[in-house]
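Here is what each chain is made of, one letter per residue.
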Amino acid sequence: FGTKVPPITGTTGGAGATTATGVFSDRRLKKNIKLIGKSNSGLNIYAFEYINKIFGSGIYQGVMSNEIPQYAVIKHTNGYDKVDYSKIDVDFKEI
């Protein structure tokens, strides 16, 4: 697409770069995004891979930060969204 992804900083690496403040779940960081279901509350659940392998090299299940209630979204200083999965009814996991 020609979209440049800015450098990622402040992560712990791997498994979606899970930190105490959420998981990077910004659509701009993902590729091969496929809708695989809906949660009980109606949130879309996706399978995806991260573009940058610093976040993990597998296929993951999770949400897109732009589609969920904003109380579960954390704006990181690098400009990308993170999600506090404890506030929604979707589990982030490698599948």
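Residues numbered from 1 in each chain as written. Predicted model: local features only at pLDDT ≥ 70, side-chain atom pairs only at ≥ 80, totals over all residues. Heavy atoms only, no water.

Engineer: Before we move on, can you summarise the sheet that holds strand 1 (residues 23–24) with the specific residues and values?
Structural biologist: The three strands lie next to each other as 1-6-5, forming an open sheet whose pairing is antiparallel. Looking at the sheet topology across the chains shown, the edges are occupied by strand 1 and strand 5 (73–75). Note: strand 5 against strand 6 (residues 81–83), three bridges, orientation antiparallel. By the bridge assignment for strand 6, Val73 is matched with Val83. (Pairing = 2+ DSSP bridges. Helix = DSSP H or I, 4+ residues; strand = E, 2+ residues; numbered from the N terminus.)

Engineer: For the pattern of salt bridges, give the residues involved together with the corresponding values.
Structural biologist: Taken as a whole and judged by the stated rule, the model has four salt bridges. For Lys53, the salt bridge is made with Glu49, and the minimal N-O distance between the two is 4.0 Å. We note a salt bridge from Asp81 to Lys75, for which the minimum N-O separation is 2.8 Å. (Salt bridge = Lys/Arg side-chain N within 4 Å of Asp/Glu carboxyl O.)

Engineer: Kindly report on the packing of aromatic side chains, identifying the contributing residues and their values.
Structural biologist: This model, assessed by the stated rule, comprises eight aromatic pairs. Judged by centre distance (5.3 Å) and plane angle (85 degrees), the rings of Phe48 and Tyr50 are edge-to-face. Accessibility classification places Phe48 together with Tyr50 in one group, the buried group. By way of ring pairs, the aromatic residues Phe24, Phe48, Tyr50, Phe55, Tyr60, Tyr85 and Phe92 are connected into one cluster. Positioned above the aromatic ring of Phe48 is the side chain of Lys30, whose terminal nitrogen or guanidinium carbon lies 3.9 Å from the ring centre. (Phe/Tyr/Trp six-rings, centres within 6.5 Å; stacked < 30°, edge-to-face > 60°. Buried < 20%, exposed > 50% of the residue type's maximum accessible area, 1.4 Å probe, protein only. Lys NZ or Arg CZ within 6 Å of the ring centre and 35° of its normal.)

Engineer: Describe the nonpolar core, and please don't skip the residues or the numbers.
Structural biologist: When a protein is soluble and globular, its nonpolar side chains tend to lie buried together. Judged by nonpolar contacts, the single largest core of 21 residues is most densely connected at Tyr50, Ile68, Tyr85 and Ile88. Listed by contribution, the elements that provide at least two residues to this core are strand 1 and strand 3 (44–50). With four residues, the single largest contributor to this core is strand 3. Apart from residues lying up to four places away in sequence, Ile68 is in contact with Leu43, Val63, Val73, Val83 and Ile88. (Core = buried A, V, L, I, M, F, W, Y, C linked by side-chain atoms within 4.5 Å. Contact = heavy atoms within 4.5 Å.)

Engineer: Could you give an account of the sheet that holds strand 4 (residues 60–62), naming the residues involved and the relevant values?
Structural biologist: Spatially, four strands are ordered 2-3-4-7 in an open sheet, and the strand pairing comes out antiparallel. Of all strands in the sheet, those bounded by a partner on one side alone are strand 2 (30–38) and strand 7 (93–94). Looking at chain direction, strand 2 and strand 3 are connected through six bridges and run antiparallel. Bridge pairing links Leu35 to Tyr46 in strand 3.

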